[in-house]
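Understanding the architecture of this molecule
One letter stands for each residue in the lines below.
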Amino acid sequence: MLANAGRAMPDELKFEGDKRFFTAALDRADLIVHGRNSYEDQPNSPGRKRIILTRKINAIAPDPSNARATLWNPAGASFEAACDHAGVDSGTIAIIGGPAVFEMFMDRYDTFWLSQAPRVNLPGGVPCFPGVPRHSPQEILAAHGLRAGESQVLDIADGITVTPWRRTI
């Protein structure tokens, strides 16, 4: 789960090691892609170029509240067109979710970083991918041609890990 039943990321899922890993990855990205409810809310957030998925527009539009953001409706325009509008034609793109956004890019990831907090239980929470809990996140990633690499421990006390899942086909 990546959020609780109220669709919010609870404090139980916030770990300093994971936050540092996430922030560093976003700082290296040339573009951030996320749904309308996802936002990293960090000091560097306003300076990051981003594409925000929404159904409130027909295709692509500038975000009136953020000059560095492009609004994109995938039903009306290609991802490539949204990237072009955002002024990004190469580099690292960070997809930060939620579940529908992750699913949309499942067959395009070079690497998906799966963080896990094994001691946290969020009954009725928002799963990281459509199909969870019927299938595990690992099964879903593997079904899309990704294979687990070596996990890194981000927080020893709470058992927090992150595992790179890389494209194999």
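Below, the structure is looked at part by part.

What counts as what
- Residues numbered from 1 in each chain as written.
- Predicted model: local features only at pLDDT ≥ 70, side-chain atom pairs only at ≥ 80, totals over all residues.
- Heavy atoms only, no water.
- Salt bridge = Lys/Arg side-chain N within 4 Å of Asp/Glu carboxyl O.
- Helix = DSSP H or I, 4+ residues; strand = E, 2+ residues; numbered from the N terminus.
- Buried < 20%, exposed > 50% of the residue type's maximum accessible area, 1.4 Å probe, protein only.
- Phe/Tyr/Trp six-rings, centres within 6.5 Å; stacked < 30°, edge-to-face > 60°.
- Core = buried A, V, L, I, M, F, W, Y, C linked by side-chain atoms within 4.5 Å.
- Contact = heavy atoms within 4.5 Å.
- Expected span 1.5 Å × (residues − 1).
- Pairing = 2+ DSSP bridges.
- Axes fitted to C-alpha atoms, helices over the stretch in contact; angles between N-to-C directions.

On to the pattern of salt bridges, then. Taken as a whole, this structure holds three salt bridges when the rule is applied. Residues R108 and E80 are paired through a salt bridge, measuring 2.4 Å at the closest nitrogen-oxygen approach. Of the two residues, R108 sits in the loop between α3 (99–105) and β6 (111–116) while E80 sits in helix α2 (residues 79–86), which places them 28 residues apart along the sequence. The class for R108 is partly exposed, based on a relative accessible area of 45%.

This part is about the packing of aromatic side chains. Applying the stated criterion across every chain yields a total of eight aromatic pairs. Ring centres 6.0 Å apart and planes at 75° place the aromatic pair F102 and F129 in the edge-to-face group. Placement of the pair is F102 in helix α3 and F129 in the loop between β6 and α4 (137–143), with a sequence separation of 27 residues. For F129, a relative accessible area of 1% gives the class buried.

The peptide bond linking G97 to G98 adopts the cis configuration, its omega dihedral lying at 15°. Here V132 and P133 are connected by a cis peptide whose omega angle stands at 15°. Here P133 shows up in the loop between β6 and α4. Located in the positive-phi region is R7, a residue other than glycine, with phi close to 70°.

Here we take up the nonpolar core. Ranked by internal contacts, the top residues of the largest apolar core, which has 26 residues, are V33, I51, F112 and F129. If you list the elements that add at least two residues to this core, you get β1 (31–35), β2 (50–53), α2, α3, β6 and α4. Broken down by element, the residue count for this core peaks at four residues, all from α2. Setting aside residues no more than four positions away along its own chain, V33 makes contact with I51, L53, F79, I93, A94, I95, I96, G97, V101 and F105.

Once that is clear, we can look at the environment of G124. Position of G124 among the secondary structure elements: in the loop between β6 and α4. The class for G124 is exposed, based on a relative accessible area of 63%. Along the primary structure G124 and R7 are separated by 117 residues, whereas in three dimensions their C-alpha atoms are 9.7 Å apart.

Here we come to helix α1 (residues 16–28). Between its terminal C-alpha atoms α1 stretches 19 Å, which fits the 18 Å expected from 13 residues at 1.5 Å a residue. Of the positions making up α1, those classed as buried are G17, D18, F21, T23 and L26. Here the buried face of α1 lies against β1, β5 (93–95), β6, β8 (152–155) and β9 (160–167).

With that out of the way, let us pick up the sheet that holds β2. Read from one edge of the open sheet, five strands run β3-β4-β2-β1-β5, paired in mixed fashion. Two strands close off the open sheet at either side, each with one partner strand: β3 (60–63) and β5. Going from strand to strand, the sheet's axes swing by 25° on average, the running direction of each strand aside. In the sheet, β2 pairs with strand β4 (residues 66–72) via four bridges, with the strands oriented parallel. When the bridges of β4 are listed, I51 appears paired with T70.

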